[in-house]
Amino acid sequence: DAGITQSPRHKVTETGTPVTLRCHQTENHRYMYWYRQDPGHGLRLIHYSYGVKDTDKGEVSDGYSVSRSKTEDFLLTLESATSSQTSVYFCAIRGQGTEAFFGQGTRLTVV
Amino acid sequence: AQRVTQPEKLLSVFKGAPVELKCNYSYSGSPELFWYVQYSRQRLQLLLRHISRESIKGFTADLNKGETSFHLKKPFAQEEDSAMYYCALSPNFNKFYFGSGTKLNVKP
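This section reports on the structure supplied with the text. Residue numbers run consecutively from 1 along every chain, following the written order of its sequence. Chains and ligands are labelled by the order in which they are written, letters from A for the one and numbers from 1 for the other. Side-chain atom pairs in this predicted model are given and counted only at pLDDT of 80 or more, local residue features only at pLDDT of at least 70, and totals for whole chains, interfaces and linings cover all residues. The basis for every side-chain value is the complete set of non-hydrogen atoms in the structure, without hydrogens or water.

1. Brief notes about the pairing of strand 7 (residues 60–64) of chain B
All names here are of chain B.
Okay, so step 1: Pairing of strand 7 with strand 8 (residues 69–74) involves 5 bridges; the strand directions are antiparallel. When the sheet's bridge partners are listed, Asp62 is paired in strand 8 with His71.
Okay, so step 2: Pairing between strands requires that DSSP locate at least two bridges from one strand to the other. Under the scheme used here, helices are H or I runs from DSSP no shorter than 4 residues and strands are E runs no shorter than 2 residues, and both carry numbers assigned from the N terminus. Counted along the chain from strand 7 to the antiparallel partner strand 8, the turn is 4 residues long, and its residue Thr68 has a positive phi close to 45 degrees.

2. Comments concerning the side chain of Lys74 of chain B
Residue and element names in this part refer to chain B.
Okay, so step 1: By the element assignment, Lys74 lies in strand 8.
Okay, so step 2: Residue classification places Lys74 among the buried residues on the basis of a relative accessible area of 10%.
Okay, so step 3: The term polar contact refers here to a pair of N or O atoms within 3.5 Å; inside protein, the definition further demands a hydrogen-donor-capable atom paired with an acceptor-capable atom, and it admits residues adjacent in sequence only when both atoms are side-chain atoms. Among the polar contacts made by the side chain of Lys74, one reaches the main-chain carbonyl oxygen of Lys57 at a distance of 2.9 Å.
Okay, so step 4: At a separation of 2.8 Å, a polar atom in the side chain of Lys74 contacts the side chain of Asp81.
Okay, so step 5: Contacts: residue pairs with any heavy atoms within 4.5 Å of one another. Not counting the four nearest positions on each side in its chain, Lys74 is found in contact with Ala17, Pro18, Val19, Lys57, Gly58, Phe59 and Asp81. Buried means the residue's accessible area, taken with a 1.4 Å probe over protein chains only, is under 20% of the maximum for its type, while exposed means over 50%, and partly exposed covers the values in between.

3. Observations regarding the state of the cysteines
All names here are of chain A.
Okay, so step 1: Two cysteine sulfurs form a disulfide in these notes if their separation is within 2.5 Å. This structure, assessed with the given rule, holds 2 disulfides over all chains.
Okay, so step 2: The partner cysteine of Cys23 in its disulfide is Cys91, sulfur to sulfur 1.8 Å. Looking down the S-S bond of the Cys23 and Cys91 bridge, the torsion is -70 degrees, so its handedness is left-handed. Of this pair, Cys23 sits in strand 3 (residues 19–25) while Cys91 sits in strand 9 (residues 87–94), and the two are 68 residues apart along the sequence.

4. Side note on the interface of chain B and chain A
Okay, so step 1: Between chain B and chain A, the residue contacts involve 19 residues of the former and 22 residues of the latter.
Okay, so step 2: Put simply, buried area is the surface a 1.4 Å probe can reach on two separate parts but cannot reach once they are joined, added for both. Here chain B packs against chain A, burying approximately 1900 Å² in sum over the two surfaces, 54% of which is carbon and sulfur.
Okay, so step 3: Criterion for a salt bridge: a side-chain nitrogen of Lys or Arg within 4 Å of a carboxyl oxygen of Asp or Glu. At the surface where chain B touches chain A, the tally comes to 1 salt bridge.
Okay, so step 4: Residues Arg49 of chain B and Glu99 of chain A are paired through a salt bridge, measuring 3.2 Å at the closest nitrogen-oxygen approach.
Okay, so step 5: One can count 9 residue pairs in polar contact (both at pLDDT 80 or more) joining chain B with chain A.
Okay, so step 6: Within the residue set of the side of chain B that touches chain A, elements represented by two or more residues are strand 5 (32–38), strand 6 (45–49) and strand 10 (97–98) of chain B.
Okay, so step 7: With 4 residues, strand 5 of chain B is the largest single contributor of residues to the side of chain B that touches chain A.
Okay, so step 8: Residue composition of the side of chain B that touches chain A, by class: 9 nonpolar, 5 polar and 5 charged. Note on residue categories: nonpolar means Ala, Val, Leu, Ile, Met, Phe, Trp, Tyr, Cys or Pro, charged means Asp, Glu, Lys or Arg, and polar means any other residue, Gly included.

5. Things to note about the sheet that holds strand 8 (residues 73–78) of chain A
Residue and element names in this part refer to chain A.
Okay, so step 1: Taken in spatial order, the 4 strands make up an open sheet running 1-3-8-7, and their pairing is antiparallel. At either margin of the open sheet sits one strand with a lone partner, and together these are strand 1 (4–7) and strand 7 (64–70). Across the sheet, the mean angle separating the axes of adjacent strands is 20 degrees when strand polarity is ignored.
Okay, so step 2: Of the strand pairs in this sheet, strand 7 and strand 8 are connected by 5 bridges, and their pairing is antiparallel. Its bridge partner being in strand 8, Lys70 is matched across the sheet by Asp73. Here an angle of 0 to 180 degrees is reported between the N-to-C directions of two axes, which are lines fitted to C-alpha atoms, with helices fitted over the stretch in contact.

Written as structure tokens, this is what we have:
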């Protein structure tokens, strides 16, 4: 599993509330990613990080922010959750080679 | 801009039949290409990448630069191959772009 854990695994929240998802890795990889997975859209990149305090936007970054204050943790925040952000969120790291390794996912429901 | 297209949302085949999952990409350079598999409600797992030219679980994929395709093939499908399959492209090893996925259903 490349030492990637996501928390929480499931969350139900109300529209308008802030939500933070955490991705933790144990292997000191430089690159970390947040994706959302939706039927018909596959996986879309939200934000990614290439080092501590170094982040950049992906394809669908509106409504999301990220922070990386430590190598091992990459946080995804929904400042004010909306129903369109109901999704499965996956964290990934780029391994020693060129491939990405994924966490187990967080299923988020915004009601 | 880079783009990955998987034209089939669902592919149903019988056990023992050949399988081909299509992937086309658009990118002006020479990207790294991957196939990932996701079994029901699990994390995505790397199936194979073109640079290693491996065969994993009987699957192979050939990069065709002229047709900008990276189709996934298996000569004899098994029921345990039923899963979602994603084609992915990495233009510079820093970001990964995924197709919309193909659900493979192998019937007994």
